[in-house]
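So you can see what is in the structure, the chains are spelled out below.
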Amino acid sequence: MRDIMSPDAERQRALVDAFADLARLSGYGHIMSPIVEDLGVFLRVGESTDVVTKEMYDFEDKDGTRIAMRPELTASVVRAFVQHNPTSLPWKVWYEGPQFRHEKPQAGRYRQFSQVGIEVLGSDDPAVDVEVIALGWRFYQALGMNEVTLLLNSLGDESCRPQYFEALETYLRDRSAELSEKSQETLDKNPLRVLDSKRREDQQIIAEAPLMVDFLTEDSAEHFAAVRSGLESLGIPYEISPRLVRGLDYYTRTTFEFASTALENAQNAVGGGGRYDGLAESLGGKPTPGIGFALGVDRILLACDAEGVFPAPDLAPDVFIVDLVGGGEATALADQLRQAGIAADRGFDGRSMKAQMKVADRSAAPWAVIIGETELAEGNVTLRDMYGDSGQTLVSRDDLVATLTAKLAN
Ligand code: HAM
């Protein structure tokens, strides 16, 4: 697990702020749920997935309850929905925060990583699918990312999945001897997940496997067609990806992934989501359709680096105070400037002019205020233009805030 330091931490926060703005513009409320949940909440979303069976940080709490640090937020949000039973539907929420998966760490894959995401419960209108996918797409655009591909699939619903599962299982069992050992194990738990194998020996078999899209009932096919035409009408390009299976078990109908072509293939998913029309019920609630996505903050920032967009915010203060007199003068001035909304940093420890000027330089502040003994005795301080060509002037201490405010406004 990593420490995220300044200015990367500010950059991450700016990304979350940008996401919050978009979510608010689309009518999503913020939800903050606990980082730990009862283990059972997650077991129900992925009993055949690595995320839940192998990678979860779960442990016994002091009272003997088994709890887990969340590997994802959809299960927590749906648990909250069932628990609080909001009456106004659809219920639309956004979230952000750390997730925990005990994966093998590498570039773009961490044991603690951050997601931003949204979930909508209580509607299966394809227009909701379009709204959700569009919000993700517009977010990448807002960050300035151009190299994102939207991959789209439908996994059908309870009326077409059994037939497909049977066809897929029969096919895979026929060829099971050719499958990797790992996929043979997966086949016993959930045939669909075999399609997610990245192992080379499985690829030919996967390429020839029956496809869910060929098994969709009329209802599911119509729903999928409405989602596609909705995206087209917004000018959002997509690729149909008939073998796209996601890493969690709850998905039904619309599923999607955002892949960055600016990143290495293995870790190029910068987000993903889909419908989970059966999840609320399996967590003890009334049958309620749902859809959402989560976007990987760490990976998005790597992709932004690769594309040269969304740099870290400028953290330079507006002014740096060089204190050559000691006492409370610099403290009072810094306080006054900050109250006036001027970002001010300062030197400490009575260091030499040269040493403090070095720090001022490093801070990248456009202005330095030098408090010197003789000037101060006459009620003045020195204002130095650090980068421009107005050089250095004496300014009355009493006028300093007004003078700086005017200069910074220019
Ligand atoms: P997920 O595909 O497991 O979906 O994760 C979403 C995104 O989180 C990934 O596309 C990736 O960008 C990022 N991510 C996942 N694991 C890691 C990791 N170890 N290190 C860095 N980034 C990672 C979900 O979590 C679902 N809850 C999405 C969803 C919401 N489905 C419906 N609603």
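Everything numeric here is computed off the predicted structure, so don't read it as measured data. (Residues numbered from 1 in each chain as written. Predicted model: local features only at pLDDT ≥ 70, side-chain atom pairs only at ≥ 80, totals over all residues. Heavy atoms only, no water.)

Caption draft 1: How the structure looks around the pattern of salt bridges. Within the structure shown, the criterion is met by 21 salt bridges. A salt bridge links Lys54 to Asp50, with the shortest nitrogen-to-oxygen separation between them at 3.3 Å. For Asp50, a relative accessible area of 32% corresponds to the partly exposed category. The structure contains a network of salt bridges with shared partners spanning Asp124, Asp129, Arg253, Arg275 and Asp277. (Salt bridge = Lys/Arg side-chain N within 4 Å of Asp/Glu carboxyl O. Buried < 20%, exposed > 50% of the residue type's maximum accessible area, 1.4 Å probe, protein only.)

Caption draft 2: The sheet that holds strand β14 (residues 367–371), seen in detail. Read across the open sheet, the 5 strands follow the order β13-β12-β14-β15-β16; overall the sheet is mixed. Edge positions in the sheet fall to β13 (344–346) and β16 (392–396), since each has one partner strand and no second. Within this sheet the neighbouring strands show an average axis-to-axis angle of 30°, counted without direction. In the sheet, β14 pairs with strand β15 (residues 380–385) via 4 bridges, with the strands oriented antiparallel. (Pairing = 2+ DSSP bridges. Helix = DSSP H or I, 4+ residues; strand = E, 2+ residues; numbered from the N terminus. Axes fitted to C-alpha atoms, helices over the stretch in contact; angles between N-to-C directions.)

Caption draft 3: Focus on the packing of helix α1 (residues 8–25) against helix α12 (residues 297–307). At a closest axis distance of 11 Å, the pairing of α1 and α12 adopts a crossing angle of 105°. On the basis of the axis angle, α1 is roughly perpendicular to α12. Every residue of α12 that contacts α1 at Arg11, Gln12 and Leu15 is listed here: Val297, Ile300, Leu301, Cys304 and Asp305. Tallied by class, the residues present in the contact of α1 with α12 amount to 5 nonpolar, 1 polar and 2 charged. (Parallel < 35°, antiparallel > 145°, perpendicular 65-115°, else oblique. Contact = heavy atoms within 4.5 Å. Nonpolar A, V, L, I, M, F, W, Y, C, P; charged D, E, K, R; others polar.)

Caption draft 4: Main features of the nonpolar core. Phe258 and Ile300 are the most contacted members of the largest nonpolar core, which totals 87 residues. With 10 residues, helix α5 (residues 126–143) is the largest single contributor of residues to this core. Within the second largest apolar cluster, 17 residues are counted, among which are Leu333, Ala344, Val369 and Leu404. (Core = buried A, V, L, I, M, F, W, Y, C linked by side-chain atoms within 4.5 Å.)

Caption draft 5: Region of interest: helix α16 (residues 400–409). For α16, the complete set of buried residues consists of Leu400, Val401 and Leu404. For α16, the angular spread of the buried residues around the axis is 95°, confining them to a single face. Exposed and oriented more than 90 degrees from the buried face of α16 are Ala402 and Ala409. Those residues of α16 that are buried are in contact with β12 (319–323), α13 (329–339), β14, β15 and β16. (Arc of directions from axis to C-beta.)

Caption draft 6: Region of the structure containing the pairing of β15. Burial runs high along β15: 5 of the 6 residues are buried. Looking at chain direction, β15 and β16 are connected through 5 bridges and run antiparallel. In the strand pairing of β16, Thr382 is matched with Leu394. The turn linking β15 back onto β16 is made up of 6 residues, and Gly391 within it adopts a positive phi angle of 60°.

Caption draft 7: Up close: the sheet that holds strand β2 (residues 36–38). With respect to topology, 3 strands assemble into an open sheet ordered β2-β4-β3, the strand pairing being antiparallel. Each edge of the open sheet carries a strand with a single partner, namely β2 and β3 (58–60). Averaged over all neighbouring strand pairs, the angle between strand axes comes to 35°, with direction disregarded. Bridge count between β2 and strand β4 (residues 66–69): 3 bridges; the pairing is antiparallel. Within the sheet, the bridge partner assigned to Asp38 lies in β4 and is Ile67.

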